[in-house]
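Chain by chain, the residues:
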There are 2 protein chains.
Amino acid sequence: MGLDYYKNHKHVLVALDCIIFGFDKNELKLLLIKRDFEPEMGKWSLMGGFLQSNESLDEGAGRILNNLTGLKNIYLEQLHSFGEVNRDPVERTISVAYYSLIDIHSHDKELVKQNSASWFSLNEIPDLIFDHEKMVNSALKMLRSKASHQPVGFELLPEKFTLPELQKLYEGIYSTSLDKRNFRRRILAMDVLIKTEEKEKKYSKKGAFLYKFDQKKYKEKVTNGDSLVFKPL
Amino acid sequence: MGLDYYKNHKHVLVALDCIIFGFDKNELKLLLIKRDFEPEMGKWSLMGGFLQSNESLDEGAGRILNNLTGLKNIYLEQLHSFGEVNRDPVERTISVAYYSLIDIHSHDKELVKQNSASWFSLNEIPDLIFDHEKMVNSALKMLRSKASHQPVGFELLPEKFTLPELQKLYEGIYSTSLDKRNFRRRILAMDVLIKTEEKEKKYSKKGAFLYKFDQKKYKEKVTNGDSLVFKPL
DNA sequence: ATAATTAAATGTTATTTTAACACTTAAAAA
DNA sequence: TTTTTAAGTGTTAAAATAACATTTAATTAT
């Protein structure tokens, strides 16, 4: 072996695909694009692109997410790399999949339109190209697992949100229904929420108090190694 | 865009690196190789290689693991892909890291010698090339997380093992000490162990009963969606 | 033969956590 | 002022957990 050992190996294309979650009208949703290019033109797929030579995998995924939503500094985590030999019919390509949680109301709707993208409820997802369905299932599993031991749910909500909204979100993530009293007790016990004096009256006459996620307290807890297990179930 | 869209992107090398865990003398260990090729000749690194065009990522990782240990059908899971731009000084390379759990006494010692590989205790790991230390830390974290909700520990032991040995293993994985009575109660409560009539007398005069892992029962439980949470702590 | 040694094996209890459950309150609308 | 709607709040029985010490089986030494 030696330096030219490297040259004797096949170089492959590296794709980055993003599973983008949002939450709207009490439902967990996914942002998909309608391909206006070959292969599989006209079919639905995850937003993706190819790794460029001047960027890391994380940076590439961030760029692709930004291209579609206009958002920066978004919750984005690597999910898994998919590398079946014939997963892309055109050419050997491995895909590094990322999943992202965004506040569905904060993205650039114009960009989304330009990319012929739309949001789909989890139970209305169309057929997807290649192995993208596998990626989505894997991401959903990951999201569930993550949400049960890290407060990631907040990433899907606007800065201020009510406890009933937060509960609906967790119910969406786990496709289940939760007891209101137990939910509130547990989520407040995590001690990373700040109650504001404002009320959101969209959903009821009484109105529900708005809360904010306490980033600072959360980071402190992480630093101290405090457990942040949140089992909504 | 179109078919030749693919051609306009840089193709990169894809490496596969294996973090190989074993358990010996009450310690969790890692199998590392001394590089006899450039770059970084003479330094320690994870066992790795490049993805070939006729194999999937999983298959490639299995091949590399087999090259070093002679073992097949080993517990092997994808960990994470590492893709910093300059992680490999020779050429842009992304590495898909896998971690593997093997019975340390079952591998081919001749092959290991040929590859100038050795086993290292976790607290005696030498400096590693590139970003391999990051990979090891990440794998250890993953192993801990996995072991707490799936009975992966058995992969690191021979077919038959005693409960004291199993406890030592978990203590190694979590770098902690556990109460014998609570440990036994919990591990047996999982109901995936078969007690044999044989005793292992290596460690005591009385001898400890040997147990086997009940693959069949385990798979049943997985199929039924039974929870298999094991919190040794 | 008996005693000493060594690690394996075993159960109980107080404490904490969890899950199940129904009424009251605030505000707007009728 | 009555009705409507969803928000907000506590208690309790059951289950899970964590803390803890003695007995047992077999070998080794006397």
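Per-chain numbering applies: the sequence of each chain, read as written, is numbered from 1 onward. Just so you know, chain letters begin at A and ligand numbers begin at 1, following the order they were written in. Given that this is a predicted model, residues contribute local features only at a pLDDT of at least 70 and side-chain atom pairs are listed and counted only at 80 or more, while totals for whole chains, interfaces and linings are drawn from all residues. With hydrogens and water set aside, each side-chain value is computed from the structure's full complement of heavy atoms.

**Here's the deal with the overall build of chain A**
Logical step 1: Numbered from the N terminus, helices here are DSSP runs of H or I no shorter than four residues, and strands are runs of E no shorter than two. Across its full length, chain A holds 6 helices and 10 strands.
Logical step 2: Once the C-alpha set of chain A is aligned to its principal axes, its extents read approximately 65 × 40 × 30 Å.
Logical step 3: Note on classification: 1.4 Å probe, protein chains only; a residue is buried when its accessible area is under 20% of the maximum for its type, exposed when over 50%, partly exposed between these limits. Out of the 233 residues in chain A, the part that is buried amounts to 49%.
Logical step 4: Sequence-distant contacts, at least 24 apart, represent 67% of the contacts inside chain A between residues at least 6 apart.
Logical step 5: With residues, only the protein chains shown are counted as cover, and all accessible areas are computed by Shrake-Rupley using a 1.4 Å probe. By element, 47% of the accessible surface of chain A is carried by carbon and sulfur atoms, the whole surface being about 11700 Å².
Logical step 6: Positive residues here are Lys and Arg, negative ones are Asp and Glu, while His and the chain termini are left out of the count. Here the site of a charge means NZ on Lys, CZ on Arg, CG on Asp, or CD on Glu. Across chain A, 36 positive and 33 negative side-chain charges occur, with their mean positions spaced 8 Å apart. The contact definition used throughout considers only heavy atoms, calling two residues in contact when any of these lie within 4.5 Å.

**Regarding the side chain of Thr196 of chain B**
Residues and elements named next belong to chain B.
Logical step 1: Relative to the assigned elements, Thr196 resides in strand S9 (residues 193–200).
Logical step 2: The buried category is assigned to Thr196, whose relative accessible area is 9%.
Logical step 3: Each polar contact in these results corresponds to two N or O atoms within 3.5 Å; when the atoms are within protein, one needs to be able to donate a hydrogen and the other to accept it, and residues that are neighboring in sequence are counted only if both atoms are side-chain atoms. At 3.2 Å, the side chain of Thr196 and the backbone nitrogen of Glu198 are in polar contact.
Logical step 4: Within the local environment of Thr196, its side chain forms a polar contact with the backbone oxygen of Leu210, the two atoms lying 2.8 Å apart.
Logical step 5: Those residues in contact with Thr196 that sit more than four places away from it in its chain are Phe209, Leu210, Tyr211 and Lys212.

**Quick notes on the relation of the copies chain A and chain B**
Logical step 1: Rotating chain A by 180° and moving it 0.0 Å along the rotation axis overlays it on chain B with an RMSD of 0.0 Å. Viewed as a symmetry operation, the transformation between the two copies matches a two-fold axis.
Logical step 2: Mapped onto chain B, 100% of the interface residues of chain A are again interface residues, and the two copies thus contact each other with one and the same surface. The least-squares superposition of copies is restricted to C-alpha atoms, and to residues with a pLDDT of at least 70 in both copies.

Distances and angles like these do not, on their own, reveal function.
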